[in-house]
Amino acid sequence: MSTPQSWPELPPIQTGVRGRCPRCGEGSIFDGFLKLKKGCSHCGLDYSFADPADGPAFFVICFGCVPAVAFAIWLEIAFTAPYWVHLVTTLPLILLTCIPILRPLKGWLVASQYFYKAEEGRLVTPEDTPSSESPT
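Residues numbered from 1 in each chain as written. Predicted model: local features only at pLDDT ≥ 70, side-chain atom pairs only at ≥ 80, totals over all residues. Heavy atoms only, no water.

A. Main features of the overall build of the protein. Looking only at helices and strands, the protein features 3 helices and 0 strands. In sequence order, the secondary structure elements of the protein are arranged as α-α-α. Per-residue burial over the protein gives 31% buried out of 136 residues. Accessible area of the protein: about 9,600 Å², with a carbon and sulfur share of 64%. (Helix = DSSP H or I, 4+ residues; strand = E, 2+ residues; numbered from the N terminus. Buried < 20%, exposed > 50% of the residue type's maximum accessible area, 1.4 Å probe, protein only. Areas by Shrake-Rupley, 256 points an atom, 1.4 Å probe, with all protein chains shown as cover.)

B. Molecular detail of helix H3 (residues 83–115). Taking 1.5 Å of rise per residue, 33 residues should cover 48 Å, and H3 covers 47 Å from first to last C-alpha, within 8% of that figure. Looking at the residues trailing H3, positive phi occurs at Lys117, about 50°. (Expected span 1.5 Å × (residues − 1).)

C. Looking closely at the packing of helix H2 (residues 55–79) against H3. Where H2 meets H3, the closest approach of the two axes is 8 Å, and the angle between their N-to-C directions is 165°. In terms of orientation, H2 and H3 fall into the roughly antiparallel class. Remark: the crossing between H2 and H3 carries right-handed chirality. For the contact of H2 with H3, the residue count by class is 19 nonpolar, 6 polar and 2 charged. (Axes fitted to C-alpha atoms, helices over the stretch in contact; angles between N-to-C directions. Parallel < 35°, antiparallel > 145°, perpendicular 65-115°, else oblique. Left-handed = near helix turned anticlockwise from the far one by under 90°. Nonpolar A, V, L, I, M, F, W, Y, C, P; charged D, E, K, R; others polar.)

D. Examining the side chain of Ser112 more closely. Take Ser112: it is sitting in helix H3. Of the residues examined, Ser112 reaches a relative accessible area of 14% and is grouped as buried. The contacts of Ser112, once residues within four sequence positions are left out, are Pro12 and Lys117. (Contact = heavy atoms within 4.5 Å.)

E. Seen up close, the side chain of Lys106. By the element assignment, Lys106 lies in helix H3. Within the buried core, Lys106 has no salt-bridge partner, and the shortest N-O distance to an opposite charge, that of Asp51, equals 7.7 Å. Lys106 has contacts with Phe30, Leu34, Leu36, Pro52 and Pro56, leaving out every residue within four places of it along the chain. (Lys, Arg positive; Asp, Glu negative; His and termini not counted. Salt bridge = Lys/Arg side-chain N within 4 Å of Asp/Glu carboxyl O.)

F. Focus on unusual backbone geometry. One non-glycine residue, Ala53, lies in the positive phi region at around 50°. When you line up the elements, Ala53 lands in the loop between helix H1 (12–16) and H2. Among the residues examined, Ala53 registers a relative accessible area of 56% and is labelled exposed. Even without being a glycine, Thr80 presents a positive backbone phi close to 45°. Note that Thr80 resides in the loop between H2 and H3.

G. Quick peek at H2. With 25 residues, H2 should cover 36 Å at 1.5 Å per step; its first-to-last C-alpha distance of 35 Å lies within 8% of that length. Most pronounced at Ile61, the bend in H2 amounts to some 40°. Each element contacted by the buried residues of H2 is listed here: H3. One or two positions beyond H2, positive phi appears at Thr80, with a value near 45°. (Bend = angle between axes of the 7 residues up to and from the residue.)

Any link to function would need more than the numbers given here.
The structure is reproduced here in structure tokens:
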């Protein structure tokens, strides 16, 4: 294992979209389609810090599902399409705009959490803050 200073700073978009370790850029972060591994097999980075939560799903809904559903609504209003037309056009469109981008988005969010050292928010208590009074 190397020291943390010896790892290059890799941009999250470069490692995350490819599903690579955000520290070394070599090991895979996924164990299956969307399940994260416990750690990197190459550099040993523990992935317990990573919690993208619903972030990937939010982006997919906003940028994939909304346009696909808008297309379905337009198709229905403009042509009064039967159900089989929606089955042949809209269903594949929704699947193709949603499923393939989930993994790269999740990888990007995990890599961004590592790169920007994002942590869970905590409340600051008076004991945690340095005193602003200067001694006289």
